[in-house]
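# Inside the fold
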Amino acid sequence: MGATSGPGRQAGGTPRAALADLLAGNRRFVSGQPVHGHDVTAAAAASGDQQPYAVVLGCIDSRVPLEAIFDQTFGAICVIRTGGHVLDRAVCGSIEYVVGQLGVPLVMVLGHERCGAVEATVRALRAGQRPGGSLAHLVDEIAPAVTEVGIDDPAVQPLAIRRHVRRTVGILRADDLLAGPVAAGRVAVVGGLYDLATGEVALIDPG
Ligand SMILES: [Zn+2]
């Protein structure tokens, strides 16, 4: 279990160490040698305190279970998932809490290829039809990335996925309660992209 106690897991750890630990977990997952994959048990759940070293904001997509793809055990990372990792006040408040109250030095925004939320936004914008209900919030929040790429670009979808990660990262870096720690180097907000085919996480905005 030594992989769970690297420098990223130490209290007061740096953003760099936290990122290294998180990406090391993804490499274990990709290589088919997770150390926690076999230990998702109630006993493991009961064995530790909450001492997270990263918060990961990802998509609700059922193919992207965040603890698994980073090979993390109970108490290691805080996970927030919304459609297309869209922000709202609850999400931002949760990240502010984890960073400010739990002392977590790393925030990762993780997009993924073939994201249905981005697909739906592209379709809605092309059709000129804004969906009803709260679904409209998702489309409204993803739309800027799609329009920045250009709705007629043949590669709008993969490009908008990346743009949307970078936009989300940018918003979080400028967040009222995060901007100070980010400027001081105590906290990093980074962007990643998950490849559904290989399981790999690539950094697309390392900060
Ligand atoms: Zn998605």
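The rules we used
The residue count restarts for each chain, going from 1 along the sequence in the order it is written. Per-residue local features are limited, in this predicted model, to residues with pLDDT of at least 70; the limit for side-chain atom pairs, both in listing and counting, is 80 or more; totals at the level of whole chains, interfaces and linings are taken over all residues. Values reported for side chains reflect all heavy atoms of the structure, with hydrogen atoms and water molecules removed beforehand. Distances up to 2.8 Å from the metal define which N, O and S atoms are donors, and 3.2 Å serves for Na, K and Ca; water is absent from the atom set, so sites may look incomplete. All axes here are fitted lines through C-alpha atoms, helices being fitted over the stretch that makes contact, and every angle between N-to-C directions spans 0 to 180 degrees. The secondary structure listing takes helices from DSSP runs of H or I that are at least 4 residues long and strands from runs of E that are at least 2 residues long, numbered from the N terminus. Each angle receives one of four descriptions, namely roughly parallel if under 35 degrees, roughly antiparallel if over 145, roughly perpendicular if within 65 to 115, and oblique otherwise. It only takes one pair of heavy atoms within 4.5 Å for two residues to be counted as in contact. Take the number of residues in a helix, subtract one, and multiply by 1.5 Å to get its expected span. Two axes define the bend at a residue: one fitted to the seven residues ending there, one fitted to the seven starting there, and the bend is the angle between them. Burial here depends on accessible area, computed with a 1.4 Å probe over protein chains only, as a share of the maximum for the residue type. Under 20% is buried, over 50% is exposed, and the range in between is partly exposed. In this scheme the crossing of two helices becomes right-handed for a clockwise turn of the near helix relative to the far one and left-handed for an anticlockwise turn of less than a right angle. When residues are sorted by character, Ala, Val, Leu, Ile, Met, Phe, Trp, Tyr, Cys and Pro go into the nonpolar class, Asp, Glu, Lys and Arg into the charged class, and all the rest, Gly among them, into the polar class. Throughout, a disulfide means two cysteine sulfur atoms within 2.5 Å of one another. Being paired, for any two strands, means DSSP has found at least two bridges between them. For our purposes a nonpolar core is just a set of buried Ala, Val, Leu, Ile, Met, Phe, Trp, Tyr and Cys residues, chained together by side-chain atoms within 4.5 Å.

### A closer look at the coordination of the zinc ion
Looking at the zinc ion, the protein donor atoms are Cys59 (SG), His112 (NE2) and Cys115 (SG), and they sit 2.1 to 2.3 Å from it. Read from N- to C-terminus, the donor residues coordinating the zinc ion fall into the pattern C-x52-H-x2-C.

### A few points about the packing of helix α5 (residues 116-127) against helix α6 (residues 135-149)
At a closest axis distance of 9 Å, the pairing of α5 and α6 adopts a crossing angle of 80°. When the interaxial angle is binned, α5 and α6 end up roughly perpendicular. Contacts from Ala117, Val118, Thr121, Val122, Ala124 and Leu125 of α5 reach α6 at Leu138, Val139, Ile142, Ala143, Val146 and Thr147.

### Quick look at α6
With 15 residues, α6 extends 22 Å from end C-alpha to end C-alpha; this agrees with the ideal 21 Å at 1.5 Å per step. Where α6 bends most, at Ala143, the angle is about 35°, and the proline Pro144 comes one to four residues later. Within α6 the residues assigned to the buried category are Ala136, Val139, Ile142, Ala143, Ala145, Val146 and Val149. Turning to α6, the residues buried within the fold contact α5 and α7 (156-173). Immediately beyond the C-terminal end of α6, within one or two residues, lies Gly150, with a positive phi of roughly 115°.

### Re the packing of α6 against α7
Two quantities define a packed helix pair, namely the angle between the helix axes and the distance between the axes. The contact between α6 and α7 brings their axes to 8 Å, and the two run at 125°. Taken together, the axes of α6 and α7 lie oblique to each other. Two packed elements cross with a definite hand, and for α6 against α7 that hand is right-handed. Contact residues: Glu141, Ile142, Pro144, Ala145, Val146, Glu148 and Val149 in α6; Val156, Leu159, Ala160, Arg163, His164 and Arg167 in α7. Looking at the contact of α6 with α7, its residues break down into eight nonpolar, one polar and four charged.

### Here's the deal with the state of the cysteines
Summed over the entire model, instances satisfying the criterion amount to zero disulfides. Distance from the sulfur of Cys78, which forms no disulfide, to the nearest cysteine sulfur (Cys92) is 15 Å. Under the relative-accessibility criterion, Cys78 is labelled buried at 13%.

### Regarding the environment of Ile161
Relative to the helices and strands, Ile161 is located in helix α7. In the structure, Ile161 is positioned 65 residues away from Glu96 in sequence and 24 Å away in space, judged by C-alpha atoms. Setting aside residues up to four positions removed in sequence, Ile161 forms contacts with His112, Glu113, Arg114, Cys115, Val118 and Leu193.

### Description of the pairing of strand β1 (residues 54-59)
In terms of burial, β1 is a largely internal element, six of the six residues being buried. Here β1 runs beside strand β2 (residues 77-82); their pairing, made up of six bridges, is parallel. Across the sheet, the residue bridging to Ala54 is Ile77, located in β2. Bridge count for β1 against strand β3 (residues 106-112) is three bridges, and the pairing is parallel.

### A closer look at the nonpolar core
One finds Val55, Leu57, Ile95, Val107, Val118 and Leu172 to be the most contacted residues of the largest nonpolar core, which totals 33 residues. Elements represented by at least two residues in this core include exactly β1, β2, α4 (89-102), β3, α5, α6, α7 and β4 (188-194). The dominant element in this core, judged by the number of residues it contributes, is α7, at six residues. Ala18, Leu22, Val190 and Leu196 belong to the second-largest nonpolar core, a separate cluster that totals 21 residues.

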